[in-house]
Amino acid sequence: MSTRRVEKLNVGEVTVFDLDGIRIHSYDTKDPLDDQAIIIENIETRDAFAIEHPGFDESITELTEYIRMNGIRLAAQLLAYHGGGNRFMPNVEKMMTQGALDFTNIGAGRAMVKKFSGTFGKTFDGGPCTTDTIIGGGPLEIAGIRVIINPDQEAYEIEIPTARAAYVHMIGHDCHSIVGGPDHADIIISNLQRYLDRGYELFLTSHYRPETREDVMTKIAYISRLRDIASGSRSSDEFIGTMISEFPDYSGKNYLEMTADAFFPQQPLR
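Definitions and limits used
Residues numbered from 1 in each chain as written. Predicted model: local features only at pLDDT ≥ 70, side-chain atom pairs only at ≥ 80, totals over all residues. Heavy atoms only, no water. Helix = DSSP H or I, 4+ residues; strand = E, 2+ residues; numbered from the N terminus. Rg over C-alpha atoms; globule rule 2.2 N^0.38 Å. Buried < 20%, exposed > 50% of the residue type's maximum accessible area, 1.4 Å probe, protein only. Contact = heavy atoms within 4.5 Å. Areas by Shrake-Rupley, 256 points an atom, 1.4 Å probe, with all protein chains shown as cover. Axes fitted to C-alpha atoms, helices over the stretch in contact; angles between N-to-C directions. Left-handed = near helix turned anticlockwise from the far one by under 90°. Nonpolar A, V, L, I, M, F, W, Y, C, P; charged D, E, K, R; others polar. Salt bridge = Lys/Arg side-chain N within 4 Å of Asp/Glu carboxyl O. Pairing = 2+ DSSP bridges. Phe/Tyr/Trp six-rings, centres within 6.5 Å; stacked < 30°, edge-to-face > 60°. Lys NZ or Arg CZ within 6 Å of the ring centre and 35° of its normal.

Draft legend 1. Seen up close, the overall build of the protein chain. In terms of helices and strands, the protein chain carries seven helices and 13 strands. Relative to the compact-globule value of 18 Å for 270 residues, the protein chain shows a C-alpha radius of gyration of 18 Å, a close match. Along the three orthogonal principal directions, the C-alpha set of the protein chain runs to about 55 × 45 × 35 Å. Taken over 270 residues, the protein chain has a buried fraction of 52%. Counting contacts in the protein chain only where the partners sit at least 6 residues apart, residues at least 24 apart contribute 59% of the total. In the form shown here, the protein chain has an accessible surface area of approximately 12500 Å², with 50% of it arising from carbon and sulfur atoms.

What follows is the structure in structure tokens.
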């Protein structure tokens, strides 16, 4: 039996799911990057772990207070794509794969953090990210909850089988996505389909509210169409124009432009 409720905070809001002994708190920061931070709680023991963490001081303070007020005992932080700095609950163990650590400190993730630091200044936690524990792929138990770590090309995704839930960095059924070319499109489709085939019902992401199986199927159809449109386009401008025409209500045009750069690397946008 599962229940869902939304709790409004001063700045952001938390969507809470009770799922067979596990309580999921998906914190929508409402920050400039539309970040989400997720707390997975063992209802019986009140022990928990975080998936990603907030990047702005206002959200860091708000989520820390939410955890305190709800009597949650945070045992660890699983940092994948959103390493950032260390301001959020610095004394709680941070866990990363080696790939995620590299992505955050020397890869594309570090470049993004530097850009955000320049844009938002000191209110953004842009310091170097350290980790306490390097983890590998496969099963792992934290706070009495079994998870499965799935490393990918940049960081990792997380399955929470008991809750029939999966964490994927980006989905967003009605917004554009960053797709790094036709091969990457195929990988995204295959990956999302694999989670559907395993029976997952709830999909948690870093930049969008929790989503359903139907949302994921919508995303698969979008990526398939994106791939076909790119294949039939002669330029990045034509590709972007066709995508906007077919998906006029989708947000995230900046993501679409990044996708165009990946599919048409010799034709940068002007």
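Draft legend 2. Focus on the packing of helix α2 (residues 98-105) against helix α3 (residues 108-120). The interhelical angle for the contact between α2 and α3, taken along N-to-C directions, is 40 degrees, at an axis separation of 4 Å. Where α2 crosses over α3, the two elements pack in a sense that is right-handed. Residues Phe103, Thr104 and Asn105 of α2 touch α3, and the partners they reach there are Ala108, Gly109, Arg110 and Met112. In the contact of α2 with α3, the residues fall into three nonpolar, three polar and one charged.

Draft legend 3. How the structure looks around the pattern of salt bridges. Applying the stated criterion across every chain, the model contains 17 salt bridges. Between arginine 5 and aspartate 18 there is a salt bridge, with its nearest N and O atoms 3.8 Å apart. Residue arginine 5 is located in strand β1 (residues 2-8), and its partner aspartate 18 is located in strand β2 (residues 13-19); the two are separated by 13 residues in the primary sequence. Taking the relative accessible area as the measure of exposure, arginine 5 reaches 40% and is therefore partly exposed. Put simply, arginine 87 and aspartate 125 hold a salt bridge, and the shortest N to O gap is 3.4 Å. Taken as a pair, arginine 87 in the loop between β6 (73-78) and β7 (93-96) and aspartate 125 in the loop between α3 and β8 (133-134) lie far apart in primary sequence, 38 residues in all. Using a relative accessible area of 36% as the deciding quantity, one classes arginine 87 as partly exposed. One continuous salt-bridge network, built from bridges that share partners, spans Arg5, Asp18, Arg23, Glu41 and Arg46.

Draft legend 4. Spatial organisation of the sheet that holds strand β3 (residues 22-28). The strand order β1-β2-β3-β4-β5-β6-β7-β8 describes an open sheet built from eight strands, whose pairing is mixed. The two strands at the open ends of the sheet, each matched to only one other strand, are β1 and β8. In this sheet, β6 lies alongside strand β5 (residues 47-51) in parallel orientation, the contact comprising five bridges. What sits directly across from alanine 50, in β6, is glutamine 77. Of the strands in this sheet, β1, β2, β3, β4 (36-42) and β6 touch helix α1 (residues 57-69), which is tilted by about 155 degrees from β3. Its contacts with the sheet put α2 on β7 and β8, and the angle it makes with β7 is roughly 100 degrees.

Draft legend 5. Quick peek at the packing of aromatic side chains. Taken as a whole and assessed by the stated rule, the structure comprises 12 aromatic pairs. Here phenylalanine 56 and phenylalanine 120 contribute two aromatic rings whose centre-to-centre distance is 5.1 Å and whose plane-to-plane angle is 75 degrees, an arrangement assigned as edge-to-face. With phenylalanine 56 in the loop between β5 and α1 and phenylalanine 120 in helix α3, the pair connects residues that are 64 residues apart, well separated along the chain. The exposure class assigned to phenylalanine 120 is partly exposed, which follows from its relative accessible area of 26%. Where tyrosine 81 meets phenylalanine 103, the ring centres are 5.5 Å apart and the plane angle is 75 degrees; that geometry is what we call edge-to-face. Residue tyrosine 81 is located in the loop between β6 and β7, and its partner phenylalanine 103 is located in helix α2; the two are separated by 22 residues in the primary sequence. Given a relative accessible area of 7%, phenylalanine 103 falls into the buried group. Members of the aromatic cluster, joined through ring pairs, are Phe56, Phe116, Phe120 and Phe124. Positioned over the ring face of tyrosine 195 is arginine 194, at 4.9 Å from the centre of the ring.

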